[in-house]
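Listed below, chain by chain, are the residues.
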Amino acid sequence: MKISAETYPTSVEIPNNLSDIQNLIVQHNTIISGGTILQINWEAGVEKPKHLISTEKLPELKGIEEVRLDGQLYMRIGAAMTISDCLNNSFVRKNASILAEACEKIAAPAVRNRGTIGGNICSKIGDTIPVLLVLEAQLSFYNGEQEKMISLRKWLAKPTPPSSELLTNIFIPIINAQNYSFFKKIGRRETFTAAIISVAGYLEYEEYNIKAKLSIGGGAHLPCRLTLAEEELNKGMKEIDWSCLYKKIQDDFSSYTDPFVTADYRKKVAANLFLATIKDFVKKQRKE
Ligand SMILES: Cc1cc2nc3c(=O)[nH]c(=O)nc-3n(C[C@H](O)[C@H](O)[C@H](O)COP(=O)(O)OP(=O)(O)OC[C@H]3O[C@@H](n4cnc5c(N)ncnc54)[C@H](O)[C@@H]3O)c2cc1C
């Protein structure tokens, strides 16, 4: 049977290592990992690209291990590791338990077995992003010539065109300080659902001093850290001004209204989630 180019108008490159893709990252190429988001887009009518570059066989994008960079210990996660790989990895569970929690709340097992952490991040709306923001993750990207590191926070702020650079690895600092971290995702039902909002936090406490890192994402929100709210908590006050914190959380991010949920509702849900969790944490610390 003759297969015409019209039937299969998309070509797929499956390079075996990074040096094979030197000339492939150019305009009109699209990087594909699990393809779970790209597939939804195509089904929704987005035009299929002419050329796909698959990350499937790149060894540089595989593995989860401890590495030392400039004297700091990191957990390196290859961008082509699936969401299930991250969820089931004991090293991830030990050193970044909230990442495993977030992975557990992504889609159903079939999608988690196919979708990758790299694709989740590069979509800029994935549920792992708020968690990786409070864990202060660094990303490495390959531009066809060399690999460069950038913090996730800085990368999110850049208007990077999709597929212009290949995400190769995620580096999460390994921190031994006593801390409490949390991830909470609110959807329109309990499981297998997209988020209305998701929040993540990292809290350290010593002698009334709180060191807080808070972030928000989920749905179509561009994930971000809540700097105003963090500053309010990090003031080191004996009595936290909860109503001020409640307001600052709501002022700290932009939201949106869709046919199901208003922006105002999302903001209130986020503020309530943070306040309940932080109040509980502070109460426990002051009892000890
Ligand atoms: C039914 C269903 C439910 C879902 N539920 C959730 C959910 O609850 N939470 C959630 O966060 N997501 C959800 N998703 C979205 C998706 O499955 C995950 O975000 C997944 O992790 C995406 O990874 P992927 O490898 O499939 O990405 P792909 O579809 O392969 O790629 C996504 C984007 O990232 C780019 N990209 C991929 N890899 C790289 C790379 N290494 N370097 C540079 N760019 C790259 C692609 O070009 C594309 O723009 C769901 C999807 C489906 C189909």
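Preceding block: the structure.
Residues numbered from 1 in each chain as written. Predicted model: local features only at pLDDT ≥ 70, side-chain atom pairs only at ≥ 80, totals over all residues. Heavy atoms only, no water.

Draft legend 1. A look at the pairing of strand β5 (residues 72-78). The buried count for β5 comes to five of seven residues, which makes it a mostly enclosed element. Across six bridges, strand β4 (residues 64-69) lies against β5 in antiparallel orientation. Among the inter-strand pairings, Leu 69 is bridged to a residue of β5, identified as Gln 72. Connecting β4 to the antiparallel partner β5 that follows it, the hairpin turn spans two residues, and Asp 70 within it adopts a positive phi of roughly 50°. Judged from the five bridges that link them, β5 and strand β8 (residues 166-173) form a sheet pairing that is antiparallel. Bridged to Met 75 within β8 is Ile 172. (Buried < 20%, exposed > 50% of the residue type's maximum accessible area, 1.4 Å probe, protein only. Helix = DSSP H or I, 4+ residues; strand = E, 2+ residues; numbered from the N terminus. Pairing = 2+ DSSP bridges.)

Draft legend 2. Here's a closer look at the pattern of salt bridges. For the structure shown, the criterion picks out eleven salt bridges. Between Lys 213 and Glu 136 there is a salt bridge whose closest N-O contact spans 3.7 Å. Here Lys 213 is found in strand β11 (residues 209-217), whereas its partner Glu 136 is found in the loop between α7 (128-134) and β6 (138-142), with 77 residues between them in sequence. For Glu 136, a relative accessible area of 36% corresponds to the partly exposed category. Its salt-bridge partner being Arg 225, residue Glu 230 comes within 2.6 Å of it at the nearest N-O pair. Each member of the salt-bridge network shares a partner with another, and the members are Glu 136, Lys 213, Arg 225 and Glu 230. (Salt bridge = Lys/Arg side-chain N within 4 Å of Asp/Glu carboxyl O.)

Draft legend 3. Highlighting the environment of Phe 183. Among the structural elements, Phe 183 can be located in strand β9 (residues 180-187). Taking the C-alpha atoms as reference points, Phe 183 and Asn 143, separated by 40 residues in sequence, lie 32 Å from one another. Discounting residues that sit within four places of it in the chain, Phe 183 has contacts with Ile 98, Glu 101, Ala 102, Lys 105, Asp 127, Val 131, Ser 198, Val 199 and Ala 200. (Contact = heavy atoms within 4.5 Å.)

Draft legend 4. A look at the site of the ligand. Around the ligand, a shell composed of 29 residues is seen, among which Ile 31, Ser 33, Gly 34, Thr 36 and Thr 116 lie nearest. Gly 35 places a main-chain nitrogen or oxygen 2.8 Å from an oxygen atom of the ligand. Here an oxygen atom of the ligand and a backbone polar atom of Leu 38 are 3.0 Å apart. Burial of the ligand by the protein amounts to 84% of the accessible area it has alone, namely 980 Å². At the level of elements, β2 (29-32), α1 (36-43), α6 (117-122) and β8 are the ones that each hand at least two residues to the shell around the ligand. At four residues, α1 tops the list of elements feeding residues into the shell around the ligand. Its residues placed into classes, the shell around the ligand shows twelve nonpolar, 13 polar and four charged. Both domains that meet at the shell around the ligand, namely domain 1 (11-54) and domain 2 (59-173), each give it at least three residues. (Near = heavy atom within 4 Å. Polar contact = N/O pair within 3.5 Å; in protein donor to acceptor, adjacent residues only side chain to side chain. Areas by Shrake-Rupley, 256 points an atom, 1.4 Å probe, with all protein chains shown as cover. Nonpolar A, V, L, I, M, F, W, Y, C, P; charged D, E, K, R; others polar. Domains from an automatic or database assignment.)

Draft legend 5. Region of interest: the packing of aromatic side chains. Under the counting rule described, the total for this entry stands at six aromatic pairs. Measuring from centroid to centroid gives 6.1 Å for Tyr 74 and Phe 171, while their planes differ by 80°, and the two rings are edge-to-face. Within this pair, whereas Tyr 74 is found in strand β5, its partner Phe 171 is found in strand β8, the two being separated by 97 residues in sequence. With a relative accessible area of 8%, Phe 171 lands in the buried category. Pairing Phe 182 with Phe 274 gives two aromatic rings, centres 6.1 Å apart and planes at 70°, and the pair type is edge-to-face. One end of the pair, Phe 182, is in strand β9; the other, Phe 274, is in helix α11 (residues 263-287), with 92 residues separating them in the sequence. The exposure classification of Phe 182 matches that of Phe 274, with both residues buried. Chaining the aromatic ring pairs together yields one cluster made of Tyr 180, Phe 182, Tyr 205, Phe 274 and Phe 281. (Phe/Tyr/Trp six-rings, centres within 6.5 Å; stacked < 30°, edge-to-face > 60°.)

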